[in-house]
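Chain by chain, the residues run as shown.
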Amino acid sequence: MLMLAEFAFLGQGHIVVMFLTFVVPVWLGWWLRVCREERLTRLCFWLLAVALTANYFGIFLYRMSIGELTLRQALPMHLCDWVTIAVVVALVTRNRTAYELSYFWGLSGTLQAVITPNMQQNFPHPRCISFFVGHSGIVAAVLMLTLAASLRPHWRSVPKVL
């Protein structure tokens, strides 16, 4: 079995992932907004939704295949699992409530997970890839929904999300 180095907080890989987590969706969201091509925007949102869904179920199946997880241990779910569901719904339907949940939960908890990950495995371990695809994907989706779909949280969103 290939032995990988332990994950390095603020190491080169971590900095690259954080850079890509912010720069790519901000640029893509801005570009989609400027070009105003609804079919292209919808395609990008669907591709991101499919990637997040495939990542969620992929790591679940991986963990089951190595005997680390059983179906009975799948619950309780973490906050990021619920944010994944909300952001996928927001990407596909542009539902305002799903967006607001994604915005507040995703930019509070999930963003912290990207900046200060608690993990031992390093790239290219499946857990490391899945962690950053899932968490960075949520942040990217929220940024793209905010920039490209012009969805915005409102002060009335706070009690609803709470």
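Structure first, text after, so check above.
In this text the structure is predicted, and so the values were computed from the model without any measurement.

Caption draft 1: Main features of the overall build of the chain. Secondary structure summary: the chain contains six helices and zero strands in total. Going from N to C terminus, the chain has its helices and strands arranged as α-α-α-α-α-α. Its C-alpha atoms give the chain a radius of gyration of 16 Å, near enough to 15 Å, the size a compact globule of 162 residues would have. Oriented by its inertia axes, the alpha-carbon framework of the chain measures out at about 50 × 35 × 30 Å. Counting the 162 residues in the chain, one finds 38% classified as buried. Looking at the chain as shown, the accessible area adds up to about 9,900 Å², and 68% of this sits on carbon and sulfur atoms. Placing the 12 positive and 6 negative side-chain charges of the chain at their respective mean positions leaves the two points 9 Å apart.

Caption draft 2: Seen up close, the packing of helix 3 (residues 79-93) against helix 5 (residues 126-148). Two elements in contact, helix 3 and helix 5, have axes whose closest approach is 10 Å; the angle formed by their N-to-C orientations is 35°. Helix-helix and strand crossings are classified by hand; for helix 3 and helix 5 the assignment is left-handed. Contacts between helix 3 and helix 5 involve Cys80, Val83, Thr84, Val87, Ala90 and Leu91 on the former and, on the latter, His135, Ile138, Ala141, Val142 and Leu145. Broken down by class, the residue content of the contact of helix 3 with helix 5 amounts to nine nonpolar, two polar and no charged.

Caption draft 3: The packing of aromatic side chains, seen in detail. Going through the model one piece at a time under the given rule, you end up with five aromatic pairs. Measuring from centroid to centroid gives 6.0 Å for Trp27 and Trp31, while their planes differ by 10°, and the two rings are stacked. Of this pair, Trp27 and Trp31 both sit in helix 1 (residues 12-35), separated by four residues, roughly a single helical turn. Pairing Phe131 with Phe132 gives two aromatic rings, centres 5.0 Å apart and planes at 90°, and the pair type is edge-to-face.

Reading guide: rules and limits
- Residues numbered from 1 in each chain as written.
- Predicted model: local features only at pLDDT ≥ 70, side-chain atom pairs only at ≥ 80, totals over all residues.
- Heavy atoms only, no water.
- Helix = DSSP H or I, 4+ residues; strand = E, 2+ residues; numbered from the N terminus.
- Rg over C-alpha atoms; globule rule 2.2 N^0.38 Å.
- Buried < 20%, exposed > 50% of the residue type's maximum accessible area, 1.4 Å probe, protein only.
- Areas by Shrake-Rupley, 256 points an atom, 1.4 Å probe, with all protein chains shown as cover.
- Lys, Arg positive; Asp, Glu negative; His and termini not counted.
- Charge placed at Lys NZ, Arg CZ, Asp CG, Glu CD.
- Axes fitted to C-alpha atoms, helices over the stretch in contact; angles between N-to-C directions.
- Left-handed = near helix turned anticlockwise from the far one by under 90°.
- Contact = heavy atoms within 4.5 Å.
- Nonpolar A, V, L, I, M, F, W, Y, C, P; charged D, E, K, R; others polar.
- Phe/Tyr/Trp six-rings, centres within 6.5 Å; stacked < 30°, edge-to-face > 60°.

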